[in-house]
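Structural overview
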Amino acid sequence: MEVKIGVQNAPREIVIESSQTADEVQNAVAKALDGTEKLFALTDEHGRRVIVPAERLAYVEIGEQAVRKVGFGTV
């Protein structure tokens, strides 16, 4: 699923494709915002981690579950 993360004082948002569910992402955001966690961390589909200090979160947009992408191949 696509997750967009807005960071305060940053000109662009962070966009990642995550294999985590919407509930897992929402729980991570809630823990970061209520002070339980000092860092907001997500893992993308390739295993890379994105870590943002919780006090710098501006917004997190949780998109729809990603559908399988279709590309051109040899016939």
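Relevant structure appears above.
The sections below set out a description of the structure shown in this document.

Criteria and thresholds
- Residues numbered from 1 in each chain as written.
- Predicted model: local features only at pLDDT ≥ 70, side-chain atom pairs only at ≥ 80, totals over all residues.
- Heavy atoms only, no water.
- Pairing = 2+ DSSP bridges.
- Helix = DSSP H or I, 4+ residues; strand = E, 2+ residues; numbered from the N terminus.
- Axes fitted to C-alpha atoms, helices over the stretch in contact; angles between N-to-C directions.
- Contact = heavy atoms within 4.5 Å.
- Salt bridge = Lys/Arg side-chain N within 4 Å of Asp/Glu carboxyl O.
- Buried < 20%, exposed > 50% of the residue type's maximum accessible area, 1.4 Å probe, protein only.

Every other side chain in a regular strand lies on the same face of the sheet, so the side chains alternate between the two faces. Taken together, the 4 bridges between strand E1 (residues 2-7) and strand E2 (residues 14-17) define a ladder with antiparallel strand orientation. Across the sheet, the residue bridging to Lys4 is Val15, located in E2. Between the antiparallel neighbours E1 and E2 lie 6 residues, among them Asn9 with a positive phi of about 60 degrees.

What the 3 strands build is an open sheet, ordered E2-E1-E5; its pairing is antiparallel. Whereas interior strands pair on both sides, the edge strands pair on one side only; in this sheet they are E2 and strand E5 (57-62). Across the sheet, the axes of successive neighbouring strands diverge by a mean angle of 15 degrees, strand direction being ignored. The sheet contact formed by E1 and E5 spans 5 bridges and is antiparallel. Bridging across to E5, Gly6 finds its partner in Tyr59. The strands touched by helix H1 (residues 22-33) within the sheet are E1 and E5, with E5 carrying the most contacts at an inclination of about 165 degrees.

This part covers the environment of Ala58. If you trace the backbone, Ala58 turns up in strand E5. Measuring from C-alpha to C-alpha, the distance between Ala58 and Asn9 comes to 9.1 Å, with 49 residues separating the pair along the chain. The residues contacting Ala58, other than those within four sequence positions of it, are Gly6, Val7 and Gln8.

Glancing now at the pattern of salt bridges. One pass over the full model with this rule turns up 1 salt bridge. Two residues, Asp44 and Arg48, come together in a salt bridge whose shortest N-O distance is 2.9 Å. Among the residues examined, Asp44 registers a relative accessible area of 10% and is labelled buried.

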